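# Architecture and fold: a report
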Amino acid sequence: MADADSISHFDAVPSLFYLAYVQRKLDIDDGIDFVKNKLTRSYQKLSERGKEIYQDKYEQVISVVV
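For the structure given in this document, a descriptive report is provided here. (Residues numbered from 1 in each chain as written. Predicted model: local features only at pLDDT ≥ 70, side-chain atom pairs only at ≥ 80, totals over all residues. Heavy atoms only, no water.)

## Here we look at the packing of helix H3 (residues 28-45) against helix H4 (residues 48-65)
- Where H3 contacts H4, the axes come no closer than 10 Å and their chain directions differ by 170°. Our classification of the angle between H3 and H4 gives roughly antiparallel. Listed contacts from H4 to Ile-32, Val-35, Lys-36, Leu-39, Thr-40, Tyr-43 and Gln-44 of H3 are Lys-51, Tyr-54, Gln-55, Tyr-58, Val-61, Ile-62 and Val-65.
- Tallied by class, residues from the contact of H3 with H4 come to 9 nonpolar, 3 polar and 2 charged. (Axes fitted to C-alpha atoms, helices over the stretch in contact; angles between N-to-C directions. Helix = DSSP H or I, 4+ residues; strand = E, 2+ residues; numbered from the N terminus. Parallel < 35°, antiparallel > 145°, perpendicular 65-115°, else oblique. Contact = heavy atoms within 4.5 Å. Nonpolar A, V, L, I, M, F, W, Y, C, P; charged D, E, K, R; others polar.)

If you want it as structure tokens, here you go:
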């Protein structure tokens, strides 16, 4: 169950950008940092099994965000 919250962030990347730029009114660089840090924290919270399953997706999303 703990993995579900973290996993949902990888499927809701556009929502994270909306949160950063529209709701929090961050500038471009701060918004990118916000999303990258949120995804990194979410990945770190995954169980070891969850990390194995989502490692590729995490790396792909981070490579696009950065």
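Moving on from the model shown.
## Brief notes about the nonpolar core
- One finds Phe-10, Val-35, Leu-39, Tyr-43, Tyr-58, Val-61 and Val-65 to be the most contacted residues of the largest nonpolar core, which totals 14 residues.
- Of all the secondary structure elements, the ones that give two or more residues to this core are helix H2 (13-23), H3 and H4.
- The element contributing the most residues to this core is H4, with 5 residues.
- Beyond its immediate sequence surroundings of up to four residues, Tyr-43 is in contact with Phe-10, Lys-51, Tyr-54, Gln-55 and Tyr-58. (Core = buried A, V, L, I, M, F, W, Y, C linked by side-chain atoms within 4.5 Å. Buried < 20%, exposed > 50% of the residue type's maximum accessible area, 1.4 Å probe, protein only.)

## So, unusual backbone geometry
- Of note, the phi angle at Lys-25 is positive, near 55°, even though the residue is not glycine.
- Within the fold, Lys-25 resides in the loop between H2 and H3.
- Take Lys-25: its relative accessible area is 67%, and that puts it in the exposed class.

## Here we look at the packing of aromatic side chains
- On inspection of all chains with the given rule, the structure shows 4 aromatic pairs.
- Considering the side-chain rings of Phe-10 and Tyr-58, the 6.0 Å spacing of their centres and the 85° angle between planes classify their relative orientation as edge-to-face. Within this pair, whereas Phe-10 is found in helix H1 (residues 2-10), its partner Tyr-58 is found in helix H4, the two being separated by 48 residues in sequence.
- Overall, the relative accessible area of 4% leaves Phe-10 in the buried class.
- Where Phe-17 meets Tyr-21, the ring centres are 5.9 Å apart and the plane angle is 10°; that geometry is what we call stacked. Here Phe-17 and its partner Tyr-21 are both found in helix H2, 4 residues apart, which amounts to about one turn of the helix. (Phe/Tyr/Trp six-rings, centres within 6.5 Å; stacked < 30°, edge-to-face > 60°.)

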